[in-house]
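Observations on chain architecture
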Amino acid sequence: MSLVVVPVRYPLSKHSRRTLERAIEVARDRDAALTVLHVDLYQNGKKVSRIDLKNTVESTFGRLENARYVVRTGFLVEESILDEVGAEEADVVVVGTKQASRLRRLFQRFTDNPDIDSYLRTHLDCEVITVESARA
């Protein structure tokens, strides 16, 4: 079974809800499992539990089949996302436009190729789907 990973903020922002909605569609269309990922930053000192994340997502979207909820702790959101994508061997990552631009900046520090889509396909064999910001 293929896997879709979607990083989200907690509590869910309007944009995270939109990104998650798209990830749910992609997972259903591809008959894939879904990993909903939130990254707690060490420097923020806030702790979000998997149960909090799951309850919030399910209260918004209903119970999701083949879904798992992951809370990682790290210094950089982007690095934690890449760790999860690599560890789980994800097939697809669905990110919002703001997250995609942060990931591109991170890649520019490590490589001369800022094309995150091709980098992820090459290094992690992963497709990236970017969701546009929600309009107010």
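Computed from a prediction, not measured in an experiment: that's the story for all the values here.

We now examine the overall build of the chain. For the chain, the count of helices and strands is five helices and five strands. Listing the helices and strands of the chain from first to last along the sequence gives β-α-β-α-β-α-β-α-α-β. For the chain, the proportion of its 136 residues judged to be buried stands at 42%. Restricting to contacts in the chain with at least 6 residues of sequence separation, those with at least 24 account for 72%. Counting only carbon and sulfur atoms, one obtains 44% of the accessible surface of the chain, whose full area is about 7,700 Å².

Its volume calculated, the largest pocket comes out at about 570 Å³. Take the lining of the largest pocket: its biggest share by element is five residues, from strand β2 (residues 33-41). Of the residues in the lining of the largest pocket, the class split is eleven nonpolar, nine polar and six charged. Lining the second largest pocket, in full, are I24, A27, R28, D31, A32, L34, R63, L64, E65, N66 and A67. Residues that form the lining of the second largest pocket fall into these classes: six nonpolar, one polar and four charged.

Time to look at the side chain of T35. Tracing the backbone shows T35 in strand β2. In terms of polar contacts, T35 uses its side chain to reach the side chain of R68, at 3.4 Å. Each residue touching T35, except ones within four places of it in the same chain, is listed here: L3, V4, V5, V6, R68, V70 and E84.

The rules behind the values
- Residues numbered from 1 in each chain as written.
- Predicted model: local features only at pLDDT ≥ 70, side-chain atom pairs only at ≥ 80, totals over all residues.
- Heavy atoms only, no water.
- Helix = DSSP H or I, 4+ residues; strand = E, 2+ residues; numbered from the N terminus.
- Buried < 20%, exposed > 50% of the residue type's maximum accessible area, 1.4 Å probe, protein only.
- Contact = heavy atoms within 4.5 Å.
- Areas by Shrake-Rupley, 256 points an atom, 1.4 Å probe, with all protein chains shown as cover.
- 1 Å grid on protein atoms, 1.4 Å probe; cavity = no way out; pocket = protein on both sides within 12 Å on 5 of 7 lines; lining within 4 Å.
- Points joined across faces, edges and corners; volume = space filled by probe spheres on them.
- Nonpolar A, V, L, I, M, F, W, Y, C, P; charged D, E, K, R; others polar.
- Polar contact = N/O pair within 3.5 Å; in protein donor to acceptor, adjacent residues only side chain to side chain.

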